[in-house]
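# Understanding the architecture of this molecule
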Amino acid sequence: SSDLDARNTAPAFPLLYEAFKQRTRFEQTVAAEVCRFYGLAAVRLHKNEHVEAALNALKTVNAGDLSDYIIGYRDELDGHFASAIGSYNSALNAATHKRNVRRAELVRPRLIASILRSPQPNWTWAIELARTAVERSDSVFALRSLAQACLESVYSDESMPDQERNAVWAEYLRTLEKLKS
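Residue indices follow the written sequence of each chain, beginning from 1 at its first position. Selection of residues for local features in this predicted model requires a pLDDT of at least 70, selection of side-chain atom pairs for listing and counting requires 80 or more, and totals for whole chains, interfaces and linings are taken over all residues. Side-chain calculation: all heavy atoms of the structure are included, whereas hydrogens and water are not.

## A look at the packing of aromatic side chains
Centres within 6.5 Å make a pair out of two Phe, Tyr or Trp rings, where for Trp the six-membered ring is used; the pair is then stacked when the planes are under 30 degrees apart, edge-to-face when over 60, and tilted otherwise. In this structure the tally under the stated criterion is six aromatic pairs. Here the aromatic rings of Tyr17 and Tyr38 are separated by 5.9 Å at their centres, their planes lie at 25°, and the arrangement is stacked. Within this pair, whereas Tyr17 is found in helix α1 (residues 6-21), its partner Tyr38 is found in helix α2 (residues 28-44), the two being separated by 21 residues in sequence. Overall, Tyr38 belongs to the buried group, its relative accessible area being 1%. Measuring from centroid to centroid gives 6.1 Å for Tyr155 and Trp169, while their planes differ by 85°, and the two rings are edge-to-face. Note that Tyr155 is positioned in helix α8 (residues 140-156) and Trp169 in helix α9 (residues 162-180), a separation of 14 residues in sequence. Only protein chains enter the accessibility calculation, which uses a 1.4 Å probe. A residue is then buried if its area is under 20% of the maximum for its type, exposed if over 50%, and partly exposed in between. With relative accessibility at 30%, the residue Trp169 sits in the partly exposed group. Aromatic rings pair up to connect Phe13, Tyr17, Phe20 and Tyr38 into one cluster. Numbering of helices and strands runs from the N terminus, with a helix taken as a DSSP run of H or I at least four residues long and a strand as a DSSP run of E at least two residues long.

## Observations regarding the pattern of salt bridges
The salt bridge criterion pairs a side-chain nitrogen of Lys or Arg with a carboxyl oxygen of Asp or Glu, the two atoms within 4 Å. The tally for this structure, following the rule as stated, stands at 11 salt bridges. The partner of Arg74 in a salt bridge is Glu52, and the shortest N-O contact between them spans 3.4 Å. Remark: Glu52 occurs in helix α3 (residues 48-60) and Arg74 occurs in helix α4 (residues 64-77); sequence separation between them is 22 residues. Residue Lys180 is joined to Glu177 by a salt bridge in which the shortest nitrogen-to-oxygen separation is 3.6 Å. In this pair, Lys180 and Glu177 are both assigned in helix α9, three residues apart and thus about one turn of the helix distant. Judged by relative accessible area, which is 48%, Glu177 ranks as partly exposed. Linked by salt bridges that have partners in common, Glu33, Arg36 and Arg102 make up one network.

## Describing the environment of Glu52
The exposure class of Glu52 is partly exposed, given its relative accessible area of 38%. For the pair Glu52 and Ile71, spaced 19 residues apart in sequence, the C-alpha separation works out to 9.8 Å.

## Some details on the confidence of the model for the protein
How sure the predictor is of each residue is captured by pLDDT, a score from 0 to 100. Looking at the protein, the pLDDT average stands at 92 and 96% of residues meet or exceed 70. α9 holds the highest mean pLDDT among the elements of the protein, 96, whereas α1 holds the lowest, 88.

Below, the structure written as structure tokens:
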């Protein structure tokens, strides 16, 4: 997975911390990834000083957009979905602006999940983001995001007209078939 698995975070943290301390020895892209993983692990373990250290270090390796990703992740885990959406959207816009497809694909599923979990989800936006993810890569993760966005919108968006509901349901069924194959 692109984010640290909760079961592996605590044992991995000392190694990530050592790598983080050595980050200046790495090429810039590698240093940014070390900072990202270190920051995500620190968020998971509620080690705020380490989160701040990772955020500050990301600025020095010209990867400030990853700061938005880590802040979004922290807000998402804390249940602050509106803030998470804003941070993830900033990270996605920066990745798109930099034409960093890999980073955009890292951010998009977290943004979709936060939209869907927010108190007033923007179903249309979540589906559009998921469709974009599938267009870029019809991976299981992208397809799963699209299926989830479609299913949740069909059952939860009371304002959706019947014709649109039927179209989204059909898209959900097509997506499920792709996931099965």
